[in-house]
Amino acid sequence: MERATPAERLTQRDLVIQLPAVIFLSIMHALALACIPYLYFYGADSPEIAYHVVGYFLGGFGITALYHRAWTHNAVQYARSVEYILAVCSTFCIQMPARQWISTHIKHHAHTDSEDDPHNIEEGFWWAHYEWIILAPLPKIELPPRLENHPVIAWQERWYWPLSFTVNIAIPIAIGLACGAPWWGGLLLSGLRLTITSHMVYAVNSVCHVWGKRPWTHEVTARDVWWFPFTLGEQYHNYHHAFPRDYRHGVGKFDFDPTKWLIAGLAKVGLARNLFAMPERRIAETRKMMSEGTTEKVPVPAE
Ligand SMILES: [Zn+2]
Ligand SMILES: [Zn+2]
């Protein structure tokens, strides 16, 4: 039997409307839209542009290098100071405090493409892209024991909204005023940056489960999408689902994976350790098996 659409499930009360998420995303998109005529009439000075471009990367690394690769998949361990800095950086994206993000993502790996996958691509592109955020109950918080009493995760949760307010509202408004812009100019620019960032993050769950190649595993819908480089390396999503603990997602020498370069750089200067990388032999075996059309695979733990 065909699965009910989100609209049908809503009337069956299988789904709920997440009002805070609906309000937040509506305001964010409205600010982004209003930002387009604002840029045309007022423009933006280089300090404002620099803040938001740097914020895009810092926020992205907060999610990819800390939330995802280090905390969820235990691919690397950072010095405490780096964890605090990346935890602050992650608030540039407003993708929820780490505990919620990690719990959701662990469920995605454990139940990929099934009903228990929070953003199951089988329910449609837009469901996986954003509908699950506004129409499904928040996934229960369940952390692995190694993260349960993590001091940086607890600290970030306590300060999450004040930090988010500071980096996304207070500082951009202050920079705008210093540049002679109207006070609301900084707010509109933040709305535009947040909207772009959010759709890049959502695309890992939608685009990277629909288009692209599956050179590492056919067991899940995840794809390597080399032409989608805006996710700081997370576009090699088929490799990531095949070998979730590897700190690299773009494992090839020329794969564009800035997060892997950041982690390797931090390790070089002694700020990251215990980098987990799949042995070359195992990667070569998988490549050979896949090219020969053999699909059986020894399971690899996700953390
Ligand atoms: Zn995935
Ligand atoms: Zn993952």
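These lines cover the structure that appears in this document, whether it is placed above or below. As the structure is a prediction and not an experimental result, all values here were calculated from the model.

Attention shifts here to the overall build of the protein. Each helix and strand in the protein was counted, giving 12 helices and two strands. Helices (α) and strands (β) of the protein occur, in sequence order from the N terminus, as α-α-α-β-α-α-α-α-α-α-α-α-β-α. A globule of 303 residues ought to have a C-alpha radius of gyration of about 19 Å, and the protein, at 20 Å, matches this closely. Each principal axis of the C-alpha atoms in the protein carries an extent, and together these give about 60 × 55 × 40 Å. Per-residue burial for the protein yields a buried fraction of 40% across its 303 residues. Of the contacts made within the protein by residues no fewer than 6 positions apart, 67% connect residues no fewer than 24 positions apart.

A separate point is the environment of threonine 91. Tracing the backbone shows threonine 91 in the loop between α4 (80-89) and α5 (98-110). Residues contacting threonine 91, with those up to four places away along its chain left out, are Tyr160, Leu163, Ser164 and Val167.

With 13 residues, α5 should cover 18 Å at 1.5 Å per step; its first-to-last C-alpha distance of 18 Å lies within 8% of that length. Ala98, Arg99, Trp101, Ile102, Ser103, Thr104, His105, Ile106 and His108 are the residues of α5 that are buried. Residues of α5 that are buried make contact with α3 (46-72), α7 (145-148) and α8 (151-178).

Attention shifts here to the environment of isoleucine 36. Following the sequence through the fold, isoleucine 36 ends up in helix α2 (residues 19-42). For isoleucine 36 and glutamate 292, which are 256 residues apart along the polypeptide, the C-alpha to C-alpha distance reads 50 Å.

Next up on the list: the environment of glycine 55. Looking at the element boundaries, glycine 55 is found in helix α3. Accessibility expressed as a C-beta count within 10 Å gives 23 for glycine 55, which makes it buried. Placed 37 residues apart in sequence, glycine 55 and glutamine 18 show a C-alpha to C-alpha distance of 27 Å.

As a packed pair, α4 and α8 sit with axes 10 Å apart at the nearest point and diverge in direction by 35°. The crossing of α4 and α8 is right-handed. Touching Glu83, Tyr84, Ala87 and Val88 of α4 are Val152, Gln156 and Leu163, all from α8. Among the residues making up the contact of α4 with α8, the classes are represented as five nonpolar, one polar and one charged.

Attention shifts here to the nonpolar core. When a protein is soluble and globular, its nonpolar side chains tend to lie buried together. Ranked by internal contacts, the top residues of the largest apolar core, which has 47 residues, are Cys35, Leu66, Tyr67, Ala70, Val76 and Leu188. Elements represented by at least two residues in this core include exactly α2, α3, α4, α5, α8 and α9 (185-205). Residue contributions to this core peak at nine residues, all from α9. Residues in contact with tyrosine 67, not counting those within four places in the same chain, are Gly62, Thr72, Ser90, Ala98, Trp101 and Ile102.

This next bit is on the packing of α8 against α9. Direction vectors running N to C along α8 and α9 enclose 130°, while the axes themselves pass 7 Å from each other. As the angle between them shows, α8 and α9 are arranged oblique. Crossing handedness for the pair α8 and α9: right-handed. Two secondary-structure elements touch here, α8 through Asn168, Ile169, Pro172, Ile173, Ile175 and Gly176 and α9 through Gly185, Gly186, Leu187, Leu189, Ser190 and Leu194.

What follows concerns α3. Compared with an ideal rise of 1.5 Å per residue, which puts 27 residues at 39 Å, α3 spans 36 Å between its outermost C-alpha atoms and is within 8% of the ideal. Once α3 finishes, asparagine 74 follows within two positions and takes phi at roughly 55°, a positive value.

Attention now goes to unusual backbone geometry. The residue aspartate 113 is not glycine, and still its phi comes out positive at about 65°. Although it is not a glycine, leucine 232 sits at a positive phi angle of roughly 60°. Relative to the helices and strands, leucine 232 is located in the loop between α9 and α10 (237-242). Under the C-beta neighbour-count criterion, leucine 232 is labelled buried, with 24 such atoms within 10 Å.

Definitions and cut-offs
- Residues numbered from 1 in each chain as written.
- Chains lettered and ligands numbered in written order.
- Predicted model: local features only at pLDDT ≥ 70, side-chain atom pairs only at ≥ 80, totals over all residues.
- Helix = DSSP H or I, 4+ residues; strand = E, 2+ residues; numbered from the N terminus.
- Rg over C-alpha atoms; globule rule 2.2 N^0.38 Å.
- Buried ≥ 20, exposed ≤ 12 C-beta atoms within 10 Å, placed from the backbone.
- Contact = placed C-beta atoms within 7 Å.
- Expected span 1.5 Å × (residues − 1).
- Axes fitted to C-alpha atoms, helices over the stretch in contact; angles between N-to-C directions.
- Left-handed = near helix turned anticlockwise from the far one by under 90°.
- Nonpolar A, V, L, I, M, F, W, Y, C, P; charged D, E, K, R; others polar.
- Core = buried A, V, L, I, M, F, W, Y, C linked by C-beta atoms within 7 Å.
- Parallel < 35°, antiparallel > 145°, perpendicular 65-115°, else oblique.

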